[in-house]
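Chain by chain, the residues:
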Amino acid sequence: MTHTRENIADLSINELLGREIACSCGHAHSIPMKRVLIGSGVTTDIPRTLRECGYKKALILSDRITWDIAAKDVAEYLERDGFPYETLVLEGRVVPDEARIGEIIIHAPRDADIIIAVGTGVMCDIGKMISYKMDIDTAAVVTAPSVDGFASKHAALVIGRLKVSFTTHCPTIIVGDVDVLKNAPMSMIIAGWCDIMGKFSCLSDWKISHIVNDEYYCETLADMVYRSVRICRDNLEALKLREPHAVQSVMEALVLAGIAMSFIGNSRPASGSEHHLSHCWELRTAKEGKELAPHGIQIGVGEALISMLYGWLKTETVDFATARAIPFDERAWEAGVHDYFGSDADDILKEIRGDHRYDADVRARRLAALEKNWPAVLEIVRAMPAHEEIVAMLKSAGTATAPADIHLTDKEAADSIRHAKEVRNKYTVLGVLDDLGLLETYAARIEAK
Ligand SMILES: NC(=O)C1=CN([C@@H]2O[C@H](COP(=O)(O)OP(=O)(O)OC[C@H]3O[C@@H](n4cnc5c(N)ncnc54)[C@H](OP(=O)(O)O)[C@@H]3O)[C@@H](O)[C@H]2O)C=CC1
Ligand SMILES: O=C(CO)COP(=O)(O)O
């Protein structure tokens, strides 16, 4: 049976796993994930699930906080079941860096065939990396619905003080016990909800790139993600009251976004211009040794900024002849990249030169495609929720809405708008504005606010 945007909604998360989904986009989607347990009390199902998936011995990996929150319960259920396991409880604050990863590899038993990482973004990323290096599987027992990376095969690690995204493998089992998730700090629950709200711009960016660059786009998956975004948006009041169905919908949306990324082999369904701003903020603050707000909270602010740019573009009088006549000052651009990215600039420039995204002929082709398809692009731009609507949603969630709320100045926000198109080879609204010669004007407006 071919799956389409209409009938994919009939499938549960578990029906998306462990098989090929023939899709109307022409691709067969699959993910090597075996089981997703989301619901009240699902921790008790872990021993049976491990056995059903063929595992023989687990290493439960946690830190002190997540041991008390969930890992000790996992250990108790495995003990009662007679399922072989060992535990490794990390002491102190956990940073996913070389030292921690080395420490865990030294202490991990050689005969475990699955690592059960108990925690949130950091613990799950460590679990992915260690299991990948040990050539065994990993399960994520999530203690707060805070990020959409649980189901992805990427691990964000700190290497040489810099945040680097490693390709590892996705967990084979994900557990989100709603009885645990609903008691997480509200700021972490809202962070996950913000990560989901960021999909409004990321999915619009992806669709625009499909039109302009003929980039592969799967309407069925985009729709699947959109549907879960709308459910989370509509459940906000219930989420603030920690109602189980609302917490469950955020956890499911986070996992679905990860599955969608794995299905297509890149992060298009979950990361667009709003994430690229956050990548810039992290790169810069890591160098300055500053701590930023949690990932999801940054995405909320990124979404507010990007929705403002989309809003300005909705009413812009676009002049393609003027855009075509704008010369590309390569030396000035290169100097700007060095200035902004410092020691990372050479790597970034090397990648950009390799993918040719700013070559004159490539720019000209993009501009021609933009001009030819402008009504279709404008339709996507106009469908983006208004900036005021995004800000009202974030305010209602009680979270950050503006750069100042996460200790960024308007100048820092404007600079990230100028440079975020360099951090990933993904065409977004920032690339559209750049091609149209509007990026600097819009960045300057943000700076002057
Ligand atoms: N791989 C991917 O695709 C992605 C990865 N990321 C990465 O994820 C990380 C951010 O993850 P995030 O979840 O926001 O933050 P962290 O994993 O850093 O967790 C934040 C803090 O919350 C604590 N905590 C976890 N659960 C609970 C709970 N139930 N009650 C009280 N405290 C709790 C953690 O404790 P403790 O320290 O004890 O665990 C930690 O101190 C970043 O490193 C980011 O780069 C983000 C997006 C995608
Ligand atoms: O953070 C991510 C998804 O939430 C991954 O994004 P990137 O592919 O932009 O690194």
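Bear in mind that the values here come from a model prediction, so they are computed numbers and not experimental data. (Residues numbered from 1 in each chain as written. Chains lettered and ligands numbered in written order. Predicted model: local features only at pLDDT ≥ 70, side-chain atom pairs only at ≥ 80, totals over all residues. Heavy atoms only, no water.)

### Re the pattern of salt bridges
Definition in use: Take a side-chain nitrogen of Lys or Arg and a carboxyl oxygen of Asp or Glu: if they are within 4 Å of each other, that pair is a salt bridge. Segments assigned H or I by DSSP are reported as helices when at least four residues long, segments assigned E as strands when at least two residues long, and all are numbered from the N terminus. Type-normalised accessible area, obtained with a 1.4 Å probe on protein chains alone, sets the label of each residue: buried when under 20%, exposed when over 50%, and partly exposed for intermediate values.
Scanning the entire structure with this criterion turns up 30 salt bridges. Note that Arg268 is salt-bridged to Glu215, the shortest N-O span being 2.8 Å. In this pair, Arg268 sits in the loop between α10 (244-264) and α11 (273-288) while Glu215 sits in the loop between α7 (199-213) and α8 (219-234), placing the two residues 53 residues apart along the sequence. Using a relative accessible area of 1% as the deciding quantity, one classes Arg268 as buried. The shortest N-O distance in the salt bridge between Arg418 and Asp415 comes to 2.7 Å. Here Arg418 pairs with Asp415, and both are found in helix α19 (residues 410-419), just three residues apart, close to one helical turn. Take Arg418: its relative accessible area is 16%, and that puts it in the buried class. A relative accessible area of 14% places Asp415 in the buried class.

### Points about the packing of aromatic side chains
Each aromatic ring pair is specified by the distance between its two centres and by the angle formed by the two planes. The following threshold applies: Stacked, tilted and edge-to-face are the three classes assigned to paired rings of Phe, Tyr and Trp, where Trp is represented by its six-membered ring and a pair needs centres within 6.5 Å; plane angles under 30 degrees give stacked, over 60 edge-to-face, the rest tilted. Whether a charge sits over a ring depends on NZ of Lys or CZ of Arg being within 6 Å of the ring centre and within 35 degrees of the ring normal.
For the structure shown, the criterion picks out seven aromatic pairs. Relative to Trp333, the ring of Phe328 has its centre 5.7 Å away and its plane inclined at 50 degrees; by these criteria the two rings are tilted. Through a chain of ring-to-ring contacts, three or more aromatic side chains come together here, namely Phe328, Trp333 and Tyr358. Geometry around Phe328 places Arg363 over its ring, the cationic atom sitting 4.4 Å from the centre. It is Arg445 that lies over the ring of Trp312; its NZ or CZ is 4.8 Å from the centre.

### Thoughts on the domain arrangement of the protein
Note the following rule: Domain segmentation is taken from an automatic or database assignment of domains. A contact between two residues is defined here by any heavy atoms of the two lying within 4.5 Å. What counts as buried area is the accessible surface, traced by a 1.4 Å probe, that two parts surrender upon association, with contributions from both included.
As far as domains go, the protein holds domain 1 (35-184) and domain 2 (272-448). The distance between the C-alpha centroids of domain 1 and domain 2 comes to 35 Å. Counting from both sides, the interface comprises five residues of domain 1 and, opposite them, eight residues of domain 2. Taking both partners together, domain 1 and domain 2 bury about 560 Å²; carbon and sulfur atoms supply 47% of that area.

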